[in-house]
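Here is what each chain is made of, one letter per residue.
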Amino acid sequence: TGTVVYVNPAVEDNRWVEAGTLLVELDPNDYEATLEQASGELNSREAASNSASVNVPITDASAYSQLHLAEAARAEALASVSAEEANLMAAQHKVQQDEAIFARSERDRVRYESLVEKHEISRSEYDARTTEALAAAQAVESDRAAVAAIQQKIAQARSFVVQKEAQLSSARTAPQQ
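If you're wondering where the values come from, they're calculated on a predicted model, not measured in any experiment. (Residues numbered from 1 in each chain as written. Predicted model: local features only at pLDDT ≥ 70, side-chain atom pairs only at ≥ 80, totals over all residues. Heavy atoms only, no water.)

Caption draft 1: Local environment of the overall build of the protein chain. When helices and strands are tallied, the protein chain shows three helices and two strands. Counting helices and strands in the order they occur from the N terminus, the protein chain gives β-β-α-α-α. Per-residue burial for the protein chain yields a buried fraction of 27% across its 177 residues. Relative to all contacts within the protein chain whose residues are 6 or more apart in sequence, the contacts with residues 24 or more apart total 68%. Accessible surface for the protein chain amounts to roughly 12000 Å². Of this, 53% is attributable to carbon and sulfur atoms. (Helix = DSSP H or I, 4+ residues; strand = E, 2+ residues; numbered from the N terminus. Buried < 20%, exposed > 50% of the residue type's maximum accessible area, 1.4 Å probe, protein only. Contact = heavy atoms within 4.5 Å. Areas by Shrake-Rupley, 256 points an atom, 1.4 Å probe, with all protein chains shown as cover.)

As structure tokens, then:
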């Protein structure tokens, strides 16, 4: 599925065409937004994988183990920031994708508005386009709220990193047993 931007005028219904003849061309913007979202999700999952690999059990109870624990906590906090930044990128791509969908639905709604005024289409067809445009607008608002929430999570994760760095500094200066 997609938005058709070109139809070959030389092609007619129920007529033979040569193999490889271009019949229609689809708008690549729909697919580019999906690709960007998938790329953001991949980054998010890679960051989550890095975060999981940092969570290593620490068994030594000496001062060195406290230092290693503080370093691991700091690394995990840094990985959490990276994961949230990847989530932010994915959410921003989702906003772009839904903005493209909203723009297309709004164009359709405006086009159908003039057609319903001319009585060329039914009111229910126009109402369907209006509902689609409204749903797309609400999806964009929801996506923007998700971006704001993730930005807040990033701020919290960065604050947690600062806390863990302070604990690491304290562990480095603690007297050795």
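Caption draft 2: Region of the structure containing unusual backbone geometry. The phi dihedral of Asn14 falls on the positive side, at around 60 degrees, and the residue is not glycine. Along the polypeptide, Asn14 turns up in the loop between β1 (4–7) and β2 (24–26). On the accessibility criterion, Asn14 (82% relative accessible area) is exposed. Unlike most non-glycine residues, His119 shows phi in positive territory, near 60 degrees. Among the structural elements, His119 can be located in the loop between α2 (63–117) and α3 (123–173). With relative accessibility at 71%, the residue His119 sits in the exposed group.

Caption draft 3: A look at the nonpolar core. Of all hydrophobic cores here, the largest spans six residues; its members are Leu88, Ala91, Val95, Val147, Ile150 and Ile154. Taken together, the elements giving at least two residues each to this core come down to α2 and α3. Once residues within four sequence positions are removed from consideration, Ile154 is found in contact with Glu84, Glu85 and Leu88. (Core = buried A, V, L, I, M, F, W, Y, C linked by side-chain atoms within 4.5 Å.)

Caption draft 4: Spotlight on the pattern of salt bridges. Per the counting criterion, the structure on display carries 11 salt bridges. Note that Glu113 and Arg109 form a salt bridge whose closest N and O atoms lie 3.8 Å from each other. One end of the pair is Glu113 and the other is Arg109, both in helix α2 and four residues apart, which spans about a single turn. Each of Glu99, Glu141 and Arg144 takes part in one network of salt bridges that share partners. (Salt bridge = Lys/Arg side-chain N within 4 Å of Asp/Glu carboxyl O.)

Caption draft 5: Geometry of the confidence of the model for the protein chain. Of all residues in the protein chain, 90% have pLDDT values of 70 or greater, and the mean over the chain is 84. Averaged pLDDT values for the elements of the protein chain fall to 79 in helix α1 (residues 29–54) and rise to 89 in α3. Taken as a whole, residues 56–61 scores under 50 in pLDDT and shows five contacts with residues more than four places along the chain or in a different chain. (pLDDT = per-residue confidence, 0-100.)

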